[in-house]
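Residues per chain, in single letters:
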Amino acid sequence: MTSTAPEKPLPVTASAPASEVELSIGGMTCASCAARIEKKLNRMDGVTATVNYATEKAKVSFPAGVEVGDLIATVEKTGYTAEEPPPPPSETGDEGEARTAPAAPAADGELLSLRERLYVSLALTVPVVLMAMVPALQFDNWQWLSLTLAAPVVVWGAFPFHKAAWTNARHGAATMDTLVSIGTLAALGWSVWALFWGNAGMPGMRHGFEFTISRGDGSSAIYLEAAAGVTTFILAGRYLEARAKRKSGAALRALMELGAKDVAVLRGGREVRIPVGQLAVGDRFVVRPGEKIATDGTVVEGASAVDASMLTGESVPVDVTVGDSVTGATVNAGGRLVVEATRIGTDTQLARMAKLVEDAQNGKAEVQRLADRISGIFVPVVLFLAVATFGVWLGATGDTVAAFTAAIAVLIIACPCALGLATPTALMVGTGRGAQLGILIKGPEVLESTRRVDTVVLDKTGTVTTGRMQLQDVFTAPGVDETELLRLAGALEHASEHPIAQAIATGAAERAGVAGGNLPVPESFENVAGLGVQGVVEGHAVLVGREKLLAEWAIELPRELAEAKAAAEAEGRTAVAVAWDGKARGVLTVADAIKETSAEAVAELRRLGLTPVLLTGDNQRVAESVAKAVGIDEVIAEVLPQDKVDVIKRLQSQGRTVAMVGDGVNDAAALATADLGLAMGTGTDAAIEAGDLTLVRGDLRVAADAIRLSRRTLATIKGNLFWAFGYNVAALPLAAFGLLNPMIAGATMAFSSVFVVTNSLRLRSFK
């Protein structure tokens, strides 16, 4: 078993230097938009920019001669919007939240707008498609009803595509939006021409069905179902994408929500409850049992146990007394504390961790979506081919209608409906099946990483272990009854609020077979700060705690109990001594129990070709004990949250592609930094939102299932894209040579969509 210590902590600053700024970018519709903005910014002298499509942010470093306004102007000239960072928060404001929690109303508005367009377009499109495809529904003048229903879909429903296409055209670029816009508008435009100036508007008109183009027959054909159907399908995919993007800022909000909202400050000897944002350095505040510590500080009065597992990963609560440092957002699990604030707002450890997550998200490389890469080349080729088709037909036949019909057939067959469906349909089926298995996949970009992952880093507390202290072993002195030991020790510990005491009390009640779980009530009870508890139970003077507590009463552990205690501590367990009536009677061991399925899960991950690594904030001895029990060879222990990020980056610098599995706030930044983040659904919101995959059940075996499902879904998406693109490539020459009636072109396009959907549905059988 090897142990690797972090080389050095990742430096974290409380605020960005003057030469760095973060801009909120608006108007991006695909990953190529982010690349275009990034390219324009990086062309400026001395400017280094990273644009993240998922978070819609640009992180820019710039020299002294460049102003923020210059950066915004460059973005706007590229065809997008940019906003200046918010002003620094005031001293009396809610600094931490103001600095780190990103605003969400704009993203919410975009999502609601897309959903509204999708639902309305779907309701209008269904009857249009049915009338076009089912001859029995083609009543007299049905074509005019189709126009009435399809026009709002193509004009209003597809407006985001038209707007993006226009923006791209102004800057000499073309994306999938360009094809969607041109294809739908061409189909609508031709249909309007055929209805008003051709023969398609005549009462009793029925759709003709010929495989090839006959000269002059284009004036009686309409393609409203193709225009409306393409719009609705693409809207569905865009909505799913926007919904996934909306969650990108939730990790930061979840982090800040962990902090206390108000605090009881001591003013003139009285407690005054104020919002935590008004707390100042040097203020003294009271923390009662069960309350969150408002900010980082130093204990000036009292003693207690502090549960810091959500921030540090340490499974055992830390005993603190006067002079010890405490961290904001941790929970006081024991007695009353008075703390003097030493850091507030953006200086706190919680705010620094939020900054780590933010930086990790903004620095995460975005995978260019394959459909956009294809359309970057495909769109100009199709446009050129459509124009060339019109010109050749017109020159060869002199028939404008036939030439325009052939050109329309080219655009219709090329309209990337199946390309647009390839990713969202496979993602919908894959994520739906994943939800049944307790796996939540956030978006298509996640899947790319699963194919390359070769190392899986596992957090210990709450991931490999249960995250809850449990009674493990009971060692008794000769002649001592185990049931009596558990009853007396459990009764005294039941009166304590300490998590270790509660674990002993619960375990004692279960093992001693106490009816209803009720333990005797102590006749007297006293908490000895940092040592344990003492009192009288059923006439016995009982001590439960550290060996030092027994030593203060001149009680020594006999050799067999001392050996059991040493062996337990060597395995990373917490040993608690029990004595009554002047003699040591036994030793109880407590530990964060390993999940029953963890060893099997590690074996499954190895079978997938992954190398497991245990990464934890717990001590080395505990970590190695857990690693040995579940079959992990590489252990990295005693790390701070920023060290976890540093370790992930170091593994990546060694050429590894790293997956991270975790559940605590201390894992959030590492989950965001890793190539693939898997968050346990039983963990904190911050970890879940920072991860790429969420394992709902909290069972580590699901991590292996998640990677297998992700890989299968990715393979399905790539297969869909290949066949969707293949249909277009094969049919384009047929359309150009007039061998495809636009109606057949529309049917072929529809068939390619059906194939893509059917192929995606195979994911439902994943086991």
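Definitions and limits used
Residues numbered from 1 in each chain as written. Predicted model: local features only at pLDDT ≥ 70, side-chain atom pairs only at ≥ 80, totals over all residues. Heavy atoms only, no water. UniProt positions renumbered as here; feature names shortened; annotations may be inferred. Core = buried A, V, L, I, M, F, W, Y, C linked by side-chain atoms within 4.5 Å. Buried < 20%, exposed > 50% of the residue type's maximum accessible area, 1.4 Å probe, protein only. Helix = DSSP H or I, 4+ residues; strand = E, 2+ residues; numbered from the N terminus. Contact = heavy atoms within 4.5 Å. Pairing = 2+ DSSP bridges. Axes fitted to C-alpha atoms, helices over the stretch in contact; angles between N-to-C directions. Expected span 1.5 Å × (residues − 1). Phe/Tyr/Trp six-rings, centres within 6.5 Å; stacked < 30°, edge-to-face > 60°. pLDDT = per-residue confidence, 0-100.

- Identification of the chain as Heavy metal translocating P-type ATPase from Streptomyces plumbiresistens is taken from an unreviewed UniProt entry.
- Of the chain, the UniProt comment under Sequence similarities (unreviewed entry) reads exactly: "Belongs to the cation transport ATPase (P-type) (TC 3.A.3) family. Type IB subfamily."

### Observations regarding the nonpolar core
Okay, step 1: Ranked by internal contacts, the top residues of the largest apolar core, which has 45 residues, are Leu458, Leu614 and Leu678.
Okay, step 2: Met469, Ala503, Leu519 and Val590 belong to the second-largest nonpolar core, a separate cluster that totals 41 residues.

### Some words on the side chain of Asp667
Okay, step 1: Along the polypeptide, Asp667 turns up in helix H24 (residues 665-673).
Okay, step 2: If sequence neighbours within four positions are ignored, Asp667 has contacts with Asp459, Lys644, Met660 and Gly662.

### Section: the UniProt feature "transmembrane region" (unreviewed entry) in the chain
Okay, step 1: As annotated by UniProt and renumbered to match this structure, "transmembrane region" (unreviewed entry) occupies residues 118-136, 142-159, 179-200, 220-240, 374-395, 401-423, 720-737 and 743-761.
Okay, step 2: Helix makes up 84% of residues 118-136 and strand 0%, whereas the separation of the span's terminal C-alpha atoms amounts to 28 Å.
Okay, step 3: Taken as a whole, residues 720-737 contains 94% helix and 0% strand, while its terminal C-alpha atoms sit 27 Å from one another.

### Focus on the environment of His171
Okay, step 1: The residue His171 is located in the loop between helix H6 (159-170) and helix H7 (176-196) in this model.
Okay, step 2: Separated by 93 residues in the primary sequence, His171 and Thr78 have C-alpha atoms spaced 6.9 Å apart.
Okay, step 3: Discounting residues that sit within four places of it in the chain, His171 has contacts with Lys77, Thr78 and Gly79.

### With respect to the pairing of strand S2 (residues 20-26)
Okay, step 1: In this sheet, strand S4 (residues 57-61) lies alongside S2 in antiparallel orientation, the contact comprising five bridges. Bridge assignment links Glu20 to a residue of S4, and that residue is Ser61.
Okay, step 2: Here three bridges tie S2 to strand S5 (residues 81-83), and the two strands are oriented antiparallel to one another. Bridge pairing in S5 links Ile25 to Ala82.

### What to know about the sheet that holds strand S21 (residues 574-580)
Okay, step 1: The six strands are arranged S17-S22-S21-S20-S19-S18 in an open sheet whose pairing can be described as antiparallel. A strand with exactly one partner marks an edge of an open sheet, and here the two such strands are strand S17 (465-476) and strand S18 (524-528). Between one strand and the next, the sheet's axes are offset by a mean angle of 20 degrees, whatever the strand orientation.
Okay, step 2: Bridge count between strand S19 (residues 532-537) and strand S20 (residues 540-545): six bridges; the pairing is antiparallel. Bridged to Gln534 within S20 is Leu543.

### Observations regarding the sheet that holds strand S9 (residues 296-301)
Okay, step 1: Spatial ordering of the open sheet is given by S7-S6-S8-S14-S9-S12, a layout of six strands whose pairing is antiparallel. Of all strands in the sheet, those bounded by a partner on one side alone are strand S7 (270-275) and strand S12 (325-326).
Okay, step 2: As defined by bridge partners, strand S6 (residues 262-267) adjoins strand S8 (residues 284-287) across two bridges and the pair is classed as antiparallel. Opposite Ala264, over in S8, you have Val286 as the bridge partner.

### So, helix H20 (residues 559-570)
Okay, step 1: With twelve residues, H20 ought to run about 16 Å at 1.5 Å a step, and its terminal C-alpha atoms sit 16 Å apart, in line with that.
Okay, step 2: Just beyond H20, the residue with positive phi is Gly572, at close to 90 degrees.

### Here's the deal with the packing of aromatic side chains
Okay, step 1: Within this structure, the stated rule accounts for four aromatic pairs.
Okay, step 2: Look at Phe196 and Trp197: their rings are 5.8 Å apart centre to centre, the planes differ by 50 degrees, and that puts the pair in the tilted class.
Okay, step 3: The partly exposed category is assigned to Phe196, whose relative accessible area is 49%.
Okay, step 4: Geometrically, the ring pair formed by Phe722 and Trp723 is edge-to-face, given 5.3 Å between the ring centres and 80 degrees between the ring planes.

### Considerations on the confidence of the model for the chain
Okay, step 1: Looking at the chain, the pLDDT average stands at 79 and 80% of residues meet or exceed 70.
Okay, step 2: Here residues 1-17 is modelled with pLDDT under 50, and outside its nearest four sequence neighbours on either side it reaches 40 contacts, counting other chains as well.
Okay, step 3: Note on residues 88-103: pLDDT is under 50 here. Beyond four places in sequence and across chains, it has 28 contacts.

### Description of the environment of Glu291
Okay, step 1: Along the chain, Glu291 turns up in the loop between S8 and S9.
Okay, step 2: Judged by relative accessible area, which is 24%, Glu291 ranks as partly exposed.
Okay, step 3: In this structure, the C-alpha to C-alpha distance between Glu291 and Val331, residues 40 residues apart in sequence, is 5.8 Å.
Okay, step 4: Dropping the residues within four chain positions of it, Glu291 is found in contact with Arg273, Val286, Thr330, Val331 and Asn332.

### What about unusual backbone geometry?
Okay, step 1: We note that Asn141 has phi near 65 degrees; this positive angle belongs to a residue other than glycine.
Okay, step 2: Relative to the helices and strands, Asn141 is located in the loop between helix H4 (105-133) and helix H5 (142-157).
Okay, step 3: The backbone of Glu638 shows a phi angle near 55 degrees, a positive value even though the residue is not glycine.
Okay, step 4: With respect to the helices and strands, Glu638 occurs in the loop between strand S24 (634-636) and helix H23 (641-653).

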